[in-house]
Structures are given as structure tokens and as C-alpha cells.
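This is what each chain is made of:
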Amino acid sequence: MGYKSLAACVRDLERNGRLHRITAEIDPHLEMAEIQRRVYAAGGPALLFERVRGSRFPAVSNLYGTLERARFIFRREFRAVQSLIGLKADPASAVRAPLSGLRAFGAALKAPPLPGLLRPALYGQCRITDLPQIVSWPRDGGAFVTLPQVYSDNPDKPGPLQSNLGMYRVQLSGNDYVADREIGLHYQIHRGIGVHHARSLARGEPFRVSVFVGGPPAHAFAAVMPLPEGLPELAFAGALAGRNFRYHRTQSGHMVSLDADFVITGTVASELKREGPFGDHLGYYSLAHEFPVLRVETVYHRKDAIWPFTVVGRPPQEDTVFGQLIHELASPMAPVSIPGLRARHAVDAAGVHPLLLAIGSERYTPYNPTRRPMEILTIANALLGFNQASLAKYLMIVAGEDAPDLDLHHIDEFLAHLLERIDFTRDLHFQTRTTIDTLDYSGTGLNEGSKLVLAAAGPPLRKLARELPARLRLASGFRDARLALPGVVVVRGPRYVRAAAAQAEMRRLAAQLAGQAARLKQSPLFVVCDDCEFSARTLNNFLWTTFTRSNPSHDVYGAGEFIDHKHWGCTGPLLIDARRKPFHAPPLVEDPAVTRRVDQLAAPGGPLHGLF
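Residues numbered from 1 in each chain as written. Predicted model: local features only at pLDDT ≥ 70, side-chain atom pairs only at ≥ 80, totals over all residues. Heavy atoms only, no water.

> Please set out the overall build of the protein residue by residue, giving values where relevant.
In terms of regular secondary structure, the protein is built from 18 helices and 30 strands. The C-alpha radius of gyration computed for the protein amounts to 25 Å, which stays within 12% of the reference 25 Å derived for 612 residues, consistent with globular compactness. Seen along its three principal axes, the alpha-carbon backbone of the protein occupies a region of about 75 × 60 × 50 Å. Looking at the 612 residues of the protein, the share that counts as buried comes to 59%. Intrachain contacts of the protein at a sequence separation of at least 6 include 73% that bridge at least 24 residues. Only carbon and sulfur atoms are counted for the fraction: they give 53% of the accessible area of the protein, which is about 24400 Å². If you average the places of the 70 positive and of the 59 negative side-chain charges in the protein, the two averages end up 1 Å apart. (Helix = DSSP H or I, 4+ residues; strand = E, 2+ residues; numbered from the N terminus. Rg over C-alpha atoms; globule rule 2.2 N^0.38 Å. Buried < 20%, exposed > 50% of the residue type's maximum accessible area, 1.4 Å probe, protein only. Contact = heavy atoms within 4.5 Å. Areas by Shrake-Rupley, 256 points an atom, 1.4 Å probe, with all protein chains shown as cover. Lys, Arg positive; Asp, Glu negative; His and termini not counted. Charge placed at Lys NZ, Arg CZ, Asp CG, Glu CD.)

This is how it looks when you write it as C-alpha cells:
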């Protein structure tokens with residue numbers, strides 16, 4: 001049996017030396033977030049903030065701050081849920097591995113949501129302004145709920161098994177929200193709640209939403225888990241918690257999670273209001289835009305309520321661990337969801353959605369004697385239409401037959417494998433004027449941008465350079481070339497001023513490199529950036545700079561580029577313009593004054609001494 005409440009999890013972590021209590025009063029405006037980031041970076045314990053300035057409720061963070069601690073939290077039911085998902089992917093596995101089948105059966109018994117008799121979540125009521133008003137970054141538009149579980153019913157088929165539970169950002173204060181009466185809901189265009197909202201509007205019915213905060217940690221994880229078709233989030237939450245999800249329907253028609261620490265109920269207003277900015281997981285601010293407003297009706301809390309929170313920012317952060325756990329659980333479903341797909345990996349260091357890596361099968365061998373990409377292109381198209389993978393901006397896919405032991409999580413090895421084999425005259429496939437992640441500001445507008453599939457199959461076409469090309473000549477204005485990875489050169493470009501000038505600059509560089517194409521065969525990729533030392537210093541720096549600051553249709557160039565019957569390719573190196581553009585969102589930077597205050601708290605004798 002797993003945890004019945006968040007408080008039970010906190011007590012268990014403390015008993016096992018995995019949680020630290022902070023007894024000093026801490027300011028929720030920037031201080032708590034900076035402490036969280038530092039403790040996470042140091043691999044430190046979960047944190048219980050006993051005294052949150054301006055609120056009577058304590059707060060907990062960094063629960064999932066290490067993979068080892070997250071596995072400890074889910075230790076009782078994790079293998080059973082793995083077996084359950086594996087059984088859905090391969091029903092015959094129950095015959096081949098009866099023990100695994102029994103574990104799956106045990107998890108399935110805990111999956112159905114149940115109405116509850118005991119109602120701890122309805123112990124008391126409070127106002128929105130009574131909650132911890134946690135602000136993570138200096139330019140944030142207000143306080144946000146960063147671990148919400150936003151519940152909505154399917155208006156056509158109400159009920160927990162047809163519902164949606166998602167982790168959609170919730171703004172508690174700031175902007176034009178009426179204090180205690182309105183909060184902001186930020187959800188992206190592909191999300192399940194958006195479908196429910198549209199159906200509610202079509203039916204002319206009020207759209208009721210509940211926001212659960214806290215409860216067993218499995219409930220928060222269920223809200224971010226990309227589940228296979230037919231497995232609702234509430235059922236997954238019960239299976240992973242080892243305890244059926246308990247719920248209650250109020251007289252107003254709102255759903256209440258009876259094990260939650262807090263429940264905010266309300267109805268979505270007909271008008272939109274500006275939500276944001278918010279320091280987001282790409283490492284930049286998502287800017288203020290019009291999003292739905294929840295008119296608050298009631299805020300419930302349990303007697304021993306604890307407010308859980310996390311901090312997002314440039315990866316890795318605590319939410320990175322969610323991604324690792326999701327990979328462990330969801331990997332058996334990949335070949336079932338998309339035939340021929342062996343594995344996929346949304347790269348956290350690149351902001352998750354900007355870069356997706358995949359391995360597929362290339363089995364069309366009777367029709368493919370040259371071993372060029374064929375089946376993996378079909379798989380790539382399916383991936384770009386599948387769930388959250390549809391937000392991918394760069395999709396790199398290779399044939400698994402060429403390297404059976406290739407691991408997607410060894411990103412440098414994957415990039416080398418692809419760059420050794422890719423033929424830029426045929427293996428680049430663009431989608432223009434399409435949708436990208438709402439949080440990605442490298443495109444042409446909100447949700448607007450492009451995609452590029454880079455596919456590679458067959459034997460190597462080149463060896464990759466392990467040092468800068470000899471006698472490399474750059475166009476005027478470009479300098480400080482460095483080798484970031486084998487075959488990958490980063491170059492400092494002129495400051496980006498406007499699009500027309502940037503295009504002329506990049507084409508000038510492409511022309512210069514085209515004249516050296518014979519000597520650059522082992523250096524197939526050039527990336528133009530603002531700071532070469534930073535971009536080449538680590539793999540994570542390279543990934544973050546390159547893929548969060550470029551829009552394929554506008555920022556990819558080629559030496560010897562051509563268009564042949566609508567197909568774009570190049571005969572020399574590929575170039576990516578990863579300079580910061582004036583329309584990009586600003587990167588996240590800490591407030592120096594807050595940094596100094598946290599330094600003082602961490603000094604010898606201070607309440608945070610020894611934590612980081």
C-alpha cells in the first residue's frame with residue numbers, strides 16, 4: 001500500500017533521512033524558488049518549509065529531486081504498474097511471465113476510481129490569497145501553482161473514467177485577475193482539457209474545472225504521464241499510489257479529490273485574460289498571452305495540508321526526473337503505438353519539445369538496396385502526429401538495424417551516428433507553417449513555427465572530424481570557430497539585428513563554406529551562435545543553444561543549397577542560425593539581491609548551512 005496523503009510521504013522521507021525541515025521563515029517571493037534550485041543542483045534532500053511568509057500553510061519541494069528518491073517514493077507499486085503497462089503493450093507477456101502478470105493484476109485492482117466515505121480534503125475552506133504565493137523568477141507575472149492537477153469532465157460522457165487530469169499551469173495572482181475570485185489557466189492547444197472546453201462551449205454548458213494540489217505523489221505524476229489510449233489518469237493514479245483514487249462530487253457538480261491537500265473549484269469564464277509571464281522549462285520566459293480564466297467558487301483544504309511546489313527553468317530541473325520515470329514506464333508502449341518505432345527520447349537539455357530523437361526499423365530491404373531512409377520516414381510522420389511528440393521541432397531518426405546497441409540517452413553518440421550517415425541532398429524533410437510548442441518563441445508566432453526531420457539509414461558516408469578543419473575560412477563578421485562535438489563546429493556570428501540582414505549573413509557564410517566543401521566533408525554541421533565558448537563548453541550548452549534558438553524553416557541554411565521539385569537540400573555542410581533574435585523571450589536570470597539573501601541563509605550558522 002502506498003501513501004494515503006502527502007503528509008504521509010513527508011513523514012516517510014523524514015524517517016529515512018531524505019527530507020530536511022527549514023524552520024526559519026522564508027519569503028515565497030523568489031527566495032523559496034532559489035533555495036529549491038540550489039538544493040536540486042546539489043542533489044540534496046526534499047525540503048519542508050515550515051514557515052512560509054504570508055501563509056499559514058507549510059510547503060514542500062524537491063520531492064522528486066533525484067531519481068533515486070523518486071524511485072523510493074514509488075517503490076511499492078512501480079514494478080506493478082510497469083507490468084500493467086507492459087501487459088497492455090503485449091498481452092501475451094502474462095503467459096510468458098506469470099509473476100509479472102500477477103503484479104499487473106494487483107495494480108489493476110487499485111485502478112478504478114471510487115467514491116469516498118471519508119472526506120479529509122473537505123476539512124476546511126480558505127481563500128486563494130491564503131495559499132503560499134510562490135514566485136519563481138523575477139519577471140514572473142505573479143504567483144503560480146507549479147504542481148497542479150487540473151481536472152475536467154468530458155461534457156459528452158461525464159465521469160472519472162472519461163475525464164482528463166493534466167498538469168496545466170495555474171496563475172494565482174497578478175495581472176488583471178480579481179484577487180480571490182479569478183485565477184489563470186494555461187493549457188496548450190493539444191491538451192485534453194482544451195477538447196473538453198470546446199465541447200462544453202458547443203453544448204452551451206458551464207465548463208466546471210477543479211484544481212487538485214497535493215495528495216499522494218502518484219496523483220501529481222499521473223497528471224504528467226502520457227498514457228496509452230483507454231487508461232484514464234485517475235486509474236493510473238490509483239494503480240501507482242497502490243490505493244484507488246477517492247473522489248466526491250459536490251452539489252455544484254465539481255469533482256473533488258478526497259486525498260488532495262487543496263482543491264480549488266470554479267467555472268471557466270467566457271472571456272480570456274492575459275496570463276504570464278512565467279519562467280518556463282525551456283530556460284526562457286513564456287510571455288503574457290490571452291488564456292482562459294477560472295472563476296473561483298470554493299477553495300478546500302485538509303487539516304494537515306502541505307503545499308507542494310517545484311521550480312522549472314533551464315534543464316535539468318526537478319521535472320527532469322519526471323521525464324526519466326516516464327521513460328521507464330512508457331517505453332513498452334512505443335512499438336505498440338507506432339509500428340516500427342523502437343524508441344524515442346525528447347531531449348530534456350534542449351527544452352524537451354525542440355529536439356526529439358528516435359530509432360525505428362528499416363525493413364523495406366527488398367525495395368531498398370541502397371539502404372536509404374524509407375520506413376523510418378513513415379515512422380517520423382506518425383511521430384509528428386502522435387500526442388506530445390507532435391510538438392517536436394527537430395526530429396532526428398535513425399535505423400536501428402545499423403547499430404542495434406545505440407542508446408538514445410547517449411546523445412553525443414546518437415548525434416555522431418546520424419551525422420556519419422545522413423545525406424543532406426536527400427535526408428532533410430521540412431514542414432513549414434505548422435504548430436510548435438506554445439512555450440517556444442523561436443517561431444513566427446504563438447504556436448507557429450516549423451519542423452525538420454533529419455533521417456539516416458545505411459552505412460557511414462563520412463568520418464567525423466575530431467579537430468577544427470585545417471585552414472578554415474569564415475565569411476566576414478564570423479569568428480571564434482570551435483569544435484563542439486565530433487563533426488560539429490560552432491561559430492560566433494554578428495549580432496542579430498533583423499531577418500533580412502541575418503539571411504544575407506548566413507548565405508554569405510554558406511557560400512564561403514561551399515567553396516571549401518571538399519575539405520569539410522568530415523564537418524557536416526555548423527552552428528552560428530552568440531557565444532562560442534559557452535556553446536562548446538558542454539553538450540547540454542550546445543543542445544540548449546542550438547535547438548531552443550532556431551526555427552528550421554527560417555534558420556537552417558546549407559552550403560550549396562538547392563531546391564529540386566520542392567525538396568530542399570545542400571551539397572556541403574548544414575548551417576543552423578542559433579543566435580538570439582529580438583523576438584525571442586528573455587532567458588531566465590536570478591535576482592542578485594535574492595541570491596545574496598540566500599547566500600546569507602546558507603552561511604555558517606544560518607538555517608540553510610550545509611544544504612548546498
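Having seen it, we continue.
> How would you sum up empty space enclosed by the protein? Please name residues and give values.
A full pass over the atoms with the stated rule returns four cavities of 30 Å³ or more. Considered as a void within the structure, the largest cavity measures approximately 110 Å³ in volume. As for the largest cavity, its lining consists of 15 residues, and the residues nearest its centre are M396, L419, L454, L525 and F547. The set of elements that each furnish at least two residues to the lining of the largest cavity consists of β21 (394–399), α13 (411–421), β23 (448–456), α16 (539–548) and β30 (574–577). If one sorts the elements of the lining of the largest cavity by residue count, α13 sits on top with three residues. Its residues placed into classes, the lining of the largest cavity shows 15 nonpolar, no polar and no charged. (1 Å grid on protein atoms, 1.4 Å probe; cavity = no way out; pocket = protein on both sides within 12 Å on 5 of 7 lines; lining within 4 Å. Points joined across faces, edges and corners; volume = space filled by probe spheres on them. Nonpolar A, V, L, I, M, F, W, Y, C, P; charged D, E, K, R; others polar.)

> How would you explain the packing of helix α8 (residues 217–224) against helix α9 (residues 233–241) if you had to name every residue and give the values?
Viewed as axis vectors pointing N to C, α8 and α9 meet at an angle of 140 degrees, and their least axial separation amounts to 8 Å. Here α8 lies oblique to α9, going by the angle between them. In this structure, α8 meets α9 at a crossing whose hand is right-handed. Contact with α8, carried on its side by A218, H219, F221 and A222, involves E233, F236, A237, L240 and A241 of α9 and no other residues of that element. Of the residues contributing to the contact of α8 with α9, the split by class is seven nonpolar, one polar and one charged. (Axes fitted to C-alpha atoms, helices over the stretch in contact; angles between N-to-C directions. Parallel < 35°, antiparallel > 145°, perpendicular 65-115°, else oblique. Left-handed = near helix turned anticlockwise from the far one by under 90°.)

> Go over the nonpolar core with me, naming the residues and quoting the values.
Among the nonpolar cores identified, the biggest contains 59 residues, and L63, F74, F221, M225 and F236 are the most heavily contacted of them. Of all the elements in the fold, those that place two or more residues in this core are α1 (6–15), β2 (46–52), α3 (67–73), α4 (78–89), α8, α9, β13 (255–257) and α10 (319–330). Broken down by element, the residue count for this core peaks at seven residues, all from α9. Once residues within four sequence positions are removed from consideration, F221 is found in contact with F74, F236, L240, F322, L325, I326 and L329. (Core = buried A, V, L, I, M, F, W, Y, C linked by side-chain atoms within 4.5 Å.)

This is a description of form; function is not addressed.
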